[in-house]
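One-letter residues, chain by chain:
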Amino acid sequence: MQTITTIQQLRNALDPVRRVGRSIGLVPTMGYLHEGHARLVTTARAQNDEVVVSIFVNPLQFGPNEDFAQYPRDLHHDEQLLASLGCDIVFAPSVDEIYPEPAVTLVDLPAMSQVLCGRTRPIHFRGVATVVSKLLHIVQPDKAYFGQKDGQQLAIIRRMVQDLNFPVKIVGVPTVREPDGLAKSSRNIYLSQLERSHATVLYRALQAAVADVAAGQISAAMVIAKMAALISAEPEVRLDYAEVVNAQTLQPMDMLSGSIMMAVAAYVGKTRLIDNVLLELPPLDSQNVP
Ligand code: AMP
């Protein structure tokens, strides 16, 4: 495995790979890797000849009062983990390498970037879409891997790639969780022991919603109210949102049908956590709506 820090070196390494027809898988990350990231890498490893993992904490996707400077970083640990997973190339560029000048060209999907997490993080998904566009152009992978954990991000990337005709297949990977259901996240290290014990309420609320829908509930408002009540009642936890949206378009719905994403966000202490589940429901006309 080699670690590369410049775009030119990366192109020099990948051009011959591409020329002989070997497939390339890209896993974009911000580093401080855990088992969630590892699942993306092992999935990419199984499906490609060459696996590239990028590690880049992207300033463009952090708001002025967010944790860009404090975001945890440990390149040495990440390299050891990635070597053990069979990664071929770690691409770890500096901010100057990716943004030698302030970005003037931005990629935005306002209808999808201003909903859910976009309401509290208005510039976040524009930053994500812009840096992922750059990474896809730099690496030119056959496949790129993203976690369902960041469900809004995955839906946005899928739509961006479709709208802008990127020649890449986007692969979504299921969320990796702790044994008690908490979604693994680099931000979980911010949680105190007490906060950590309350943080499971996000997953518990989603599971309660899944159970209600399985029992026949098709009113989005009822499902949302249940999730919001459970999260709001938890000590140390402040609800940001509980929503049910179309999984592809991220638009809200009244009656649940088709592909839906149930998504929650909450502050546990000062740490903002997110989680979601996908459900596939029959179309409305096949349900017994009075
Ligand atoms: P990040 O480093 O937080 O930007 O995450 C990099 C990639 O790993 C994104 O596609 C995330 O959705 C994915 N990821 C993060 N946590 C998990 C998890 N618990 N399970 C699956 N994928 C994850």
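Owing to the predicted nature of the structure, the values given are computational and were not obtained by experimental measurement.

About the criteria used
- Residues numbered from 1 in each chain as written.
- Predicted model: local features only at pLDDT ≥ 70, side-chain atom pairs only at ≥ 80, totals over all residues.
- Heavy atoms only, no water.
- Axes fitted to C-alpha atoms, helices over the stretch in contact; angles between N-to-C directions.
- Helix = DSSP H or I, 4+ residues; strand = E, 2+ residues; numbered from the N terminus.
- Parallel < 35°, antiparallel > 145°, perpendicular 65-115°, else oblique.
- Left-handed = near helix turned anticlockwise from the far one by under 90°.
- Contact = heavy atoms within 4.5 Å.
- Nonpolar A, V, L, I, M, F, W, Y, C, P; charged D, E, K, R; others polar.
- Near = heavy atom within 4 Å.
- Polar contact = N/O pair within 3.5 Å; in protein donor to acceptor, adjacent residues only side chain to side chain.
- Areas by Shrake-Rupley, 256 points an atom, 1.4 Å probe, with all protein chains shown as cover.
- Phe/Tyr/Trp six-rings, centres within 6.5 Å; stacked < 30°, edge-to-face > 60°.
- Buried < 20%, exposed > 50% of the residue type's maximum accessible area, 1.4 Å probe, protein only.
- Lys NZ or Arg CZ within 6 Å of the ring centre and 35° of its normal.

J.: Looking at this structure, I do not really get the packing of helix α9 (residues 201-214) against helix α10 (residues 220-232). What am I missing?
T.: Their axes nearest at 9 Å, the elements α9 and α10 cross at an angle of 150 degrees. Here α9 is positioned roughly antiparallel relative to α10, judged by the angle of their axes. Classified by chirality, the crossing of α10 by α9 is right-handed. Residue-level inspection shows Val201, Ala205, Leu206, Ala208, Ala209, Asp212 and Val213 of α9 in contact with α10, the latter providing Val223, Lys226, Met227, Leu230 and Ile231. Partitioning the contact of α9 with α10 into residue classes produces 10 nonpolar, no polar and 2 charged.

J.: Sorry, what's going on with the site of the ligand here?
T.: By nearness alone, 17 residues border the ligand, and Met30, Gly147, Asp150, Val176 and Lys184 come closest of all. Between the ligand and Met30 there is a distance of 2.9 Å, counted from an oxygen atom to a backbone nitrogen or oxygen. Separating a nitrogen atom of the ligand from a backbone N or O atom of Val176 is a distance of 2.8 Å. Taking 490 Å² as the accessible area of the ligand by itself, protein coverage stands at 93%.

J.: How do you make sense of the packing of aromatic side chains when you look at a structure like this?
T.: Working definition: an aromatic ring pair is given by the centre-to-centre distance plus the angle between the planes. Counting across every chain of the model gives 3 aromatic pairs. Ring plane angle 65 degrees and centroid distance 5.4 Å describe the contact between Phe62 and Phe68, whose orientation is recorded as edge-to-face. Of the residues examined, Phe62 reaches a relative accessible area of 6% and is grouped as buried. Between Phe62 and Tyr71, the aromatic rings sit 5.9 Å apart at their centres with planes inclined by 75 degrees, giving edge-to-face as the arrangement. It is Arg73 that lies over the ring of Phe68; its NZ or CZ is 5.1 Å from the centre.

Nothing here speaks to function; it is all geometry.
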